Amino acid sequence: MKPEARPGDLKLVDSTRALGTYRINEVFYSLQGEGMRAGTANIFIRFSDCNLRCKKEREGFDCDTEFVSGELWDVQRLLSYCESLSPSCRSVIFTGGEPALQLDEELIRRFKLAGYFLAVETNGTKELPAGLDWICVSPKTAEHCLRQKTAHEVKYVRAAGMGIPKPQVQADYYLLSPAFEGDFVPKENLDCCIQLVKENPKWRLSVQQHKIWCVR
Ligand code: SF4
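Residues numbered from 1 in each chain as written. Predicted model: local features only at pLDDT ≥ 70, side-chain atom pairs only at ≥ 80, totals over all residues. Heavy atoms only, no water.

**Observations concerning a nonpolar patch on the surface**
A cluster of nonpolar side chains, contributed by Leu-31, Ile-212, Trp-213 and Val-215, occupies part of the molecular surface with about 330 Å² of accessible area. A relative accessible area of 33% places Leu-31 in the partly exposed class. (Patch = residues over 30% accessible without salt bridge, like charges linked within 9 Å, V, L, I, M, F, W, Y side chains within 5 Å. Areas by Shrake-Rupley, 256 points an atom, 1.4 Å probe, with all protein chains shown as cover. Salt bridge = Lys/Arg side-chain N within 4 Å of Asp/Glu carboxyl O. Buried < 20%, exposed > 50% of the residue type's maximum accessible area, 1.4 Å probe, protein only.)

**A word on the site of the ligand**
Around the ligand sit Cys-50, Leu-52, Arg-53, Cys-54, Phe-61, Cys-63, Phe-67, Gly-97, Asn-123 and Lys-140, and that is every residue in its neighbourhood. Classifying every residue of the shell around the ligand by side-chain character gives six nonpolar, two polar and two charged. (Near = heavy atom within 4 Å. Nonpolar A, V, L, I, M, F, W, Y, C, P; charged D, E, K, R; others polar.)

**Some details on unusual backbone geometry**
Residue Gly-97 is bonded to the preceding Gly-96 through a cis peptide linkage, with omega at 15 degrees. Along the polypeptide, Gly-97 turns up in the loop between β4 (91-95) and α3 (105-113). Non-glycine residue Asp-49 carries a positive phi angle of around 75 degrees. Of note, the phi angle at Cys-214 is positive, near 60 degrees, even though the residue is not glycine. For Cys-214, a relative accessible area of 71% puts it in the exposed group. (Helix = DSSP H or I, 4+ residues; strand = E, 2+ residues; numbered from the N terminus.)

**As for the side chain of Ser-91**
Along the chain, Ser-91 turns up in strand β4. In this structure the side chain of Ser-91 is engaged in a polar contact, spanning 3.0 Å, whose partner is the side chain of Arg-37. Of the polar contacts made by the side chain of Ser-91, one reaches the side chain of Asn-42; its length is 2.6 Å. (Polar contact = N/O pair within 3.5 Å; in protein donor to acceptor, adjacent residues only side chain to side chain.)

**Notes on the packing of aromatic side chains**
Both the distance between ring centres and the angle between the ring planes are used here to describe each pair of aromatic rings. Taken as a whole and judged by the stated rule, the model has seven aromatic pairs. Geometrically, the ring pair formed by Tyr-156 and Trp-203 is edge-to-face, given 5.8 Å between the ring centres and 70 degrees between the ring planes. On the criterion of sequence distance, the pair formed by Tyr-156 in strand β7 (residues 150-158) and Trp-203 in strand β9 (residues 203-205) is long-range, its members being 47 residues apart. Trp-203 carries the same exposure label as Tyr-156, and that label is buried. Taken together, a centroid distance of 5.4 Å and an interplanar angle of 65 degrees make the contact between Tyr-174 and Trp-203 edge-to-face. One end of the pair, Tyr-174, is in strand β8 (residues 170-178); the other, Trp-203, is in strand β9, and 29 residues separate them in sequence. Across this residue pair, the class does not change: Tyr-174 and Trp-203 are buried. Geometry around Trp-73 places Arg-77 over its ring, the cationic atom sitting 3.8 Å from the centre. The ring of Tyr-174 has Lys-202 sitting right over it, with the charged end atom 4.1 Å from the ring centre. (Phe/Tyr/Trp six-rings, centres within 6.5 Å; stacked < 30°, edge-to-face > 60°. Lys NZ or Arg CZ within 6 Å of the ring centre and 35° of its normal.)

**Details of helix α2 (residues 75-85)**
Within α2, the full set of buried residues consists of Val-75, Leu-78, Leu-79 and Cys-82. Burial along α2 is one-sided: seen end-on, the buried residues are contained in an arc of 95 degrees. Next to the buried residues of α2 lie β1 (21-31), β2 (41-47), β3 (71-74) and α3. (Arc of directions from axis to C-beta. Contact = heavy atoms within 4.5 Å.)

**Some points on the pairing of β1**
A large share of β1 lies buried, amounting to nine of its eleven residues. Sheet topology places β1 next to β3; four bridges connect them, and they run antiparallel. When the sheet's bridge partners are listed, Thr-21 is paired in β3 with Asp-74. Across seven bridges, the pairing between β1 and β2 is antiparallel. Of the residues in β2, the one forming a bridge with Phe-28 is Phe-44. (Pairing = 2+ DSSP bridges.)

**Examining the pattern of salt bridges**
This structure, assessed with the given rule, holds eleven salt bridges. With a closest N to O distance of 3.3 Å, Lys-211 and Asp-64 form a salt bridge. On the criterion of sequence distance, the pair formed by Lys-211 in helix α5 (residues 209-213) and Asp-64 in the loop between α1 (56-59) and β3 is long-range, its members being 147 residues apart. The class for Lys-211 is buried, based on a relative accessible area of 16%.

Laid out in C-alpha cells, this is it:
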C-alpha cells in the first residue's frame, strides 16, 4: 500500500533518471548537528526531491530545505567527490529531500566496498534497502503511512502545544526536536520539548545544533 497522498505531495516518477544515476542536490562535508551522532564529521549526500511538503499548520514547522534542484551523478562520481572532500572521513549521511526515493542496494554496496559507514535520515514513508549502518527515521506524517518500521533512532519535531508521539517505529533511541524558525528556536517550542521529555523519560531532547554552531 502506498503512503496516503496529501494535498501538495509530489508525484515521484522521475523518467529522466537513468539506471545507476541519482539526482543529487548537493554534497558537502560538515558535522552532524543533531541526534545521537551529533558532533561527528560526515560527508552529507543530499538527494533531490521529496514526497512530502511539510507545513507549519500540519507538522508544526515549514520545510526550509531546497530539494527541487539537482543534477544526475553516477556512483563513481559520488565516490570520487567524497574522497576529494575528505580523504580521511569514512562516514556518509544520505539525506534530502527524501533519500529513500532513490537510494538502492548498488549505491550502498559500492560505498561499503570503499569502506564507508553509511547513515540515512528518512521521513519513513518508504522502506529502505538493506545494508545501512545507521537509520534515523523522522516521521512527518501519520503513523499508518510509515513503511520503515525499524530504526536506530526515531526523531519527531515538536512545536508548542504538540503532544508526545506514539511511534510505530521500533528504535534504540527516541528523540524530540524543537521546531526552528529559520536559524532560531522559539523558546516555547524548546520548553514544550523539555517538558515532554521530563514527563516521558524514554525520550531525549535533540536540538539542531549545527544552526547554533553556524555550520551547514
Ligand atoms: S520530509 Fe523533510 S525534506 Fe520533505 S518536506 Fe518534510 S522537512 Fe522537507
